[in-house]
Amino acid sequence: MTTALLPPTPDRAEAVALGEHAAFVELISGLSPGEWDKPTDCAGWSVRDVVAHVAGALEEGAHIRAQLRRVALAPRRYPQLDRLDAINQLQVDDRGAHPPDRLVHEVSSLGPRAARARRRTPQLIRSRAVPRGFSLPTGATFGYLVDVIYPRDLWMHRIDVARATNRDLRATSTEADVVALVVRDLACTWGGPATTLTLTGHGAGTWALGAGKPVAAVETDAVEICRHLSGRIASPPIAAKGDPGAEQYLLAARIPF
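Small disclaimer: the values here were computed from a predicted structure and weren't measured. (Residues numbered from 1 in each chain as written. Predicted model: local features only at pLDDT ≥ 70, side-chain atom pairs only at ≥ 80, totals over all residues. Heavy atoms only, no water.)

A.B. asks: What is the right way to look at the overall build of the protein in this model?
C.D. replies: In terms of helices and strands, the protein carries 10 helices and 4 strands. Order of helices (α) and strands (β) in the protein, N terminus to C terminus: α-α-α-α-α-α-α-α-β-β-β-α-β-α. Computed over its C-alpha atoms, the radius of gyration of the protein comes to 18 Å, within 12% of the 18 Å expected for a compact globule of 257 residues. With respect to the three principal axes, the spread of C-alpha positions in the protein is 55 × 45 × 35 Å. With 257 residues in all, the protein has 49% of them scored as buried. Sequence-distant contacts in the protein: of pairs separated by 6 or more residues, those separated by 24 or more amount to 61%. About 12100 Å² of surface is accessible on the protein, with carbon and sulfur atoms providing 54% of the total. Positive and negative charge centroids in the protein, built from 30 and 28 side chains respectively, lie 6 Å apart. (Helix = DSSP H or I, 4+ residues; strand = E, 2+ residues; numbered from the N terminus. Rg over C-alpha atoms; globule rule 2.2 N^0.38 Å. Buried < 20%, exposed > 50% of the residue type's maximum accessible area, 1.4 Å probe, protein only. Contact = heavy atoms within 4.5 Å. Areas by Shrake-Rupley, 256 points an atom, 1.4 Å probe, with all protein chains shown as cover. Lys, Arg positive; Asp, Glu negative; His and termini not counted. Charge placed at Lys NZ, Arg CZ, Asp CG, Glu CD.)

Right, dumping it as structure tokens:
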């Protein structure tokens, strides 16, 4: 049975953000001093940098002034970067001297406030398209940014930290929502043959991609395919049957994280 691909309500998006936030805080609270400097799958970023970015993004969610400041400053300091990448780097810069315990405290305290503030984003703003230069699909709205991208980013960065420190990735009751919305983005741009996609592990489920009767079936691990779709790895392990175009299209696809 396939899983429905529905957009989240603001209330559900808040619940997902809170669930993933709690798991992220649990993970970083247990890191040893030496683990904070380990490299991650995010090019050029250590575990400390990833946590600083998460703290900065939560700060922007909780405090609009912090967001406006970085939006204005980012293109001037990093004109060579995409606007979103420049903002992310500013988040890291702003917390470059913060010790781990302060970063943990900031992430812990800012998360619930950011989730609550994002849920309260007015519909007038939610419906507006995000300006160009933010590495998002054409026509992506602020509602998509606050309800889909921010919880997804938090989930993926928990994976980054867990992998960098050889920690187990704890299952959550909300990660299935994150994975389903990744598949929803994939389905919206799917140009391959009609395919049954089965994901195993964290956020497991089965979905139909493309129109018509499926002529291909693809099975892979949810975390690994999401790492691939985010650009972190090139070739996740895939078991495919039927039309080979399905696997080829999946390996060529990228989704915003």
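A.B. asks: Even after reading the chapter, I still don't get the sheet that holds strand 4 (residues 238-242), so can you show me in this structure?
C.D. replies: Paired through backbone hydrogen bonds, the strands of a sheet run either parallel or antiparallel to each other. Taken in spatial order, the 4 strands make up an open sheet running 2-1-3-4, and their pairing is mixed. Each edge of the open sheet is held by one strand with a lone partner, namely strand 2 (205-209) and strand 4. If you compare each strand with its neighbour and ignore which way they point, the axes differ by 15° on average. The sheet strands contacting helix 8 (residues 175-189) are strand 1 (195-200) and strand 2, and the helix crosses strand 2 at an angle near 10°. (Pairing = 2+ DSSP bridges. Axes fitted to C-alpha atoms, helices over the stretch in contact; angles between N-to-C directions.)

A.B. asks: Please explain the pattern of salt bridges as it appears in this structure.
C.D. replies: Side chains that differ in sign of charge can pair as their charged atoms come close. Scanning all chains against the criterion turns up 21 salt bridges. As a salt-bridge pair, Arg12 and Asp177 come within 2.9 Å of each other at their nearest N and O atoms. Of this pair, Arg12 sits in helix 1 (residues 10-29) while Asp177 sits in helix 8, placing them 165 residues apart in sequence. The class of Asp177 is partly exposed, set by a relative accessible area of 21%. A salt bridge links Arg70 to Glu59; the nearest nitrogen and oxygen atoms lie 2.7 Å apart. One end of the pair, Arg70, is in helix 3 (residues 64-77); the other, Glu59, is in helix 2 (residues 47-62), and 11 residues separate them in sequence. (Salt bridge = Lys/Arg side-chain N within 4 Å of Asp/Glu carboxyl O.)

A.B. asks: Got a minute to help me understand the side chain of Gln91 in this structure?
C.D. replies: Of note, Gln91 is situated in helix 4 (residues 83-94). Not counting chain neighbours up to four residues away, the residues in contact with Gln91 comprise Ala52, His53, Gly56, Ala57, Glu60 and Arg70.

A.B. asks: What exactly am I supposed to notice about the packing of helix 9 (residues 222-229) against helix 10 (residues 245-252) here?
C.D. replies: In a packed pair of helices, the relevant descriptors are the angle between the two axes and the axis-to-axis distance. At a minimum axis separation of 8 Å, helix 9 and helix 10 run at an interaxial angle of 60°. One element, helix 9, and the other, helix 10, form an angle in the oblique class. Across the interface between the two elements, Ile225, His228 and Leu229 of helix 9 pack against Leu250, Leu251 and Ala252 of helix 10. Across the contact of helix 9 with helix 10, the residue classes tally to 5 nonpolar, 1 polar and no charged. (Parallel < 35°, antiparallel > 145°, perpendicular 65-115°, else oblique. Nonpolar A, V, L, I, M, F, W, Y, C, P; charged D, E, K, R; others polar.)

A.B. asks: Just checking my understanding: could you explain the side chain of His98 for this structure?
C.D. replies: Topologically, His98 is positioned in the loop between helix 4 and helix 5 (100-119). Take His98: its relative accessible area is 11%, and that puts it in the buried class. Within polar-contact distance, the side chain of His98 engages the side chain of Glu106 at 3.3 Å. Residues in contact with His98, not counting those within four places in the same chain, are Arg48, Leu103 and Glu106. (Polar contact = N/O pair within 3.5 Å; in protein donor to acceptor, adjacent residues only side chain to side chain.)

A.B. asks: Honestly, helix 9 in this entry has me stumped. Any pointers?
C.D. replies: Residues lying three or four places apart along an α-helix face the same way, a consequence of the helix completing one turn every 3.6 residues. Here helix 9 lies mainly inside the structure; 8 of its 8 residues are buried. Buried positions along helix 9 lie against helix 7 (142-164), helix 8, strand 1, strand 3 (216-221) and helix 10. Two or three places before Val223, at the opening of helix 9, Asp221 has a side-chain oxygen 3.1 Å from that residue's backbone nitrogen. At the C-terminal side of helix 9, Gly231 shows a positive phi close to 90°.

A.B. asks: Before we go on, may I ask you to explain unusual backbone geometry in this structure?
C.D. replies: Trans peptide bonds make up most of the peptide bonds, and negative phi angles are found at most residues other than glycine. In this structure, Asn166 is a non-glycine residue whose phi angle is positive, near 55°. Relative to the helices and strands, Asn166 resides in the loop between helix 7 and helix 8.

A.B. asks: Explain the packing of aromatic side chains here, please?
C.D. replies: Both the distance between ring centres and the angle between the ring planes are used here to describe each pair of aromatic rings. The final tally for this structure, using the stated rule, is 1 aromatic pair. One Lys or Arg, Arg118, reaches over the ring of Tyr150 and ends 3.7 Å from the middle of that ring. In this structure, Arg152 is placed above the aromatic ring of Phe257, and the distance from its NZ or CZ to the ring centre is 5.4 Å. (Phe/Tyr/Trp six-rings, centres within 6.5 Å; stacked < 30°, edge-to-face > 60°. Lys NZ or Arg CZ within 6 Å of the ring centre and 35° of its normal.)

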